[in-house]
Amino acid sequence: MYDYDLLIVGSANADLVIGVERRPGAGETVLGSDLAVHPGGKGANQAVAAARLGARTALLARVGDDAHGRLLLDSQREAGVDTAGVLVGGAPTGVALITVDPSGDNSIVVSPGANGRLTPADVRAAGSIFHSARVVSTQLEIPLETVAEVARTLAPGSRLVLNPSPPQPLPSEVLAACDPLILNEHEAKVILGEARVGEEPEDWARLLLAKGPRSVVVTLGGEGSLVASSDGVARIPSVPVRAVDTTGAGDSFTAALAWRLGLGDSLADAASYAARVGAVTVTKEGAQVSFPTAEEVAAL
């Protein structure tokens, strides 16, 4: 038996959000709304999203000993996430500066702070948590060497889900452990580099599979997503909704997919469920506050 359905290893940031009529160009200043501060970061977001759906979730992350760190810990505990793996101190809590335009699209700049101090030694010290988790999900807002250690620390029979965001080339040992690698078009282009051939997402997915992952999921925004494995490539349709704010949608999608895979869903079924979770998320403003419960997803 596993104590956790999902272990998230990743970043925890304070999101500083400003609404704008349009995002500024180079050298340009625009006026925006009042500043709003929310708990965020890809790791913390995924943990809250999974817990809100009903997954038994643990988080391994690092925050600063400051007000933003306390905000993040409070939000995790309120959602029901086990925070025993959250380390405190070493640097200020990470911060994300986010602008959101009227269409709901966002631009994000991240100051990693304490996230950059989550080390391979921290992963090794949390070995007991890894051996208690059915699925482990991670991202690239923490050092790549730490992500590589996550891949080495997986318990026998557990599964690694990786969203390579922000994207960078990945070592073969990390790629080989991914089941699946979840990425959007921009991230796919960075991972593939000069090897990218063809304009269709199906082409990207096949090329990504050839790099070593056991499975791949490519998210395509309003066009849905596609899943690829040794069984073939399949399109997953989107769920039409009126988008208010896309912040956190990718994180809720990833968390939902990882959780459903741990429950035994096929990759296509897990992606279909995750699409509904992401759709509910974009109908509300903010990141963690927009993540739905299982009942809200069922209603959609």
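Everything quoted here is computed from the prediction, not taken from an experiment.

**Focus: unusual backbone geometry**
Phase 1 of the analysis: Cis geometry is adopted by the peptide bond preceding P166, which originates at S165 and carries an omega value of -5°.
Phase 2 of the analysis: By the element assignment, P166 lies in the loop between β9 (159-163) and α6 (172-177).
Phase 3 of the analysis: Of note, the bond from D179 into P180 is cis; its omega dihedral lies within 30 degrees of zero at 15°.
Phase 4 of the analysis: Along the chain, P180 turns up in strand β10 (residues 178-184).

**With respect to the packing of helix α1 (residues 42-53) against helix α9 (residues 249-262)**
Phase 1 of the analysis: It is at 8 Å that the axes of α1 and α9 come closest, and there the two elements cross at 55°. The angle between the axes of α1 and α9 places the two elements in the oblique class. Here α1 and α9 pass one another in a crossing that is right-handed. Here α1 contributes K42, N45, Q46, A49, A50 and L53 to the contact with α9, which in turn contributes D251, S252, T254, A255, A256 and W259.
Phase 2 of the analysis: Among the residues forming the contact of α1 with α9, the class breakdown is six nonpolar, four polar and two charged.

**Some points on the layout of surface pockets**
If a probe the size of a water molecule is rolled over the atoms, the empty space left behind becomes visible.
Phase 1 of the analysis: Space inside the second largest pocket adds up to approximately 280 Å³.
Phase 2 of the analysis: Along the wall of the second largest pocket there are 17 residues; nearest its centre are V17, V100, D245, E285 and G286.
Phase 3 of the analysis: When residues of the lining of the second largest pocket are traced back to their parent elements, those giving at least two are β2 (13-19) and β3 (36-40).
Phase 4 of the analysis: Residue composition of the lining of the second largest pocket, grouped by class: eight nonpolar, four polar and five charged.

**A few points about empty space enclosed by the protein**
Phase 1 of the analysis: With the rule as written, the count across this model stands at one cavity of 30 Å³ or more.
Phase 2 of the analysis: One number sums up the size of the largest cavity: a volume of about 30 Å³.
Phase 3 of the analysis: As for the largest cavity, its lining consists of D15, V17, H38, D245, T247, G286 and A287.
Phase 4 of the analysis: Taken together, the residues of the lining of the largest cavity sort by class into two nonpolar, three polar and two charged.

**Some words on the packing of aromatic side chains**
Phase 1 of the analysis: All chains considered together, the criterion is met by one aromatic pair.
Phase 2 of the analysis: Taking the centre distance of 6.2 Å and the plane angle of 65° together, the rings of W259 and Y273 count as edge-to-face. Taken together, the residues span a long stretch of sequence, with W259 in helix α9 and Y273 in helix α10 (residues 267-281) at a distance of 14 residues. Grouping residues by exposure puts W259 and Y273 together as buried.
Phase 3 of the analysis: Between the NZ or CZ atom of R260 and the centre of the ring of W259, over which it lies, the distance is 5.4 Å.
Phase 4 of the analysis: In this structure, R260 packs its charged tip against the face of Y273, placed 4.7 Å from the ring centre.

**Things to note about the sheet that holds β9**
Note: strands within a sheet are paired through backbone hydrogen bonds, in either parallel or antiparallel orientation.
Phase 1 of the analysis: Within the open sheet, the nine strands sit side by side as β5-β4-β1-β8-β9-β10-β11-β12-β13. Their pairing is mixed. In the strand order of this sheet, the two ends are held by β5 (82-88) and β13 (232-236), each with one partner. Strand-to-strand twist in this sheet, taken as the mean axis angle between neighbours without regard to direction, amounts to 15°.
Phase 2 of the analysis: Where strand β1 (residues 4-9) and strand β4 (residues 57-63) come together, four bridges link them in parallel fashion. Looking across to β4, one finds that I8 is bridged to L59.
Phase 3 of the analysis: Helix α8 (residues 201-210) rests against β10, β11 (215-219), β12 (225-229) and β13 of the sheet, and its axis sits at about 150° to β11.
Phase 4 of the analysis: Contacts from α9 reach β1, β8 (133-139), β9, β10, β11 and β12 within the one sheet, and its direction differs from that of β10 by about 160°.

**What to know about α8**
Phase 1 of the analysis: Considered for burial, the residues of α8 that qualify are P201, E202, W204, A205 and L208. Take α8 and look down its axis: the buried residues cluster within an arc of 160°, on one side only.
Phase 2 of the analysis: Close packing links the buried residues of α8 with β10, α7 (185-192), β11, β12 and β13.
Phase 3 of the analysis: Following α8 by one or two positions, G212 has its phi on the positive side, about 130°.

**Some details on the side chain of D101**
Phase 1 of the analysis: Along the chain, D101 turns up in the loop between β6 (94-100) and β7 (106-111).
Phase 2 of the analysis: Polar contacts involving the side chain of D101 include one to the side chain of S103, which spans 2.6 Å.
Phase 3 of the analysis: Those residues in contact with D101 that sit more than four places away from it in its chain are V20, E21 and R23.

What counts, and where the lines are drawn
Residues numbered from 1 in each chain as written. Predicted model: local features only at pLDDT ≥ 70, side-chain atom pairs only at ≥ 80, totals over all residues. Heavy atoms only, no water. Helix = DSSP H or I, 4+ residues; strand = E, 2+ residues; numbered from the N terminus. Axes fitted to C-alpha atoms, helices over the stretch in contact; angles between N-to-C directions. Parallel < 35°, antiparallel > 145°, perpendicular 65-115°, else oblique. Left-handed = near helix turned anticlockwise from the far one by under 90°. Contact = heavy atoms within 4.5 Å. Nonpolar A, V, L, I, M, F, W, Y, C, P; charged D, E, K, R; others polar. 1 Å grid on protein atoms, 1.4 Å probe; cavity = no way out; pocket = protein on both sides within 12 Å on 5 of 7 lines; lining within 4 Å. Points joined across faces, edges and corners; volume = space filled by probe spheres on them. Phe/Tyr/Trp six-rings, centres within 6.5 Å; stacked < 30°, edge-to-face > 60°. Buried < 20%, exposed > 50% of the residue type's maximum accessible area, 1.4 Å probe, protein only. Lys NZ or Arg CZ within 6 Å of the ring centre and 35° of its normal. Pairing = 2+ DSSP bridges. Arc of directions from axis to C-beta. Polar contact = N/O pair within 3.5 Å; in protein donor to acceptor, adjacent residues only side chain to side chain.

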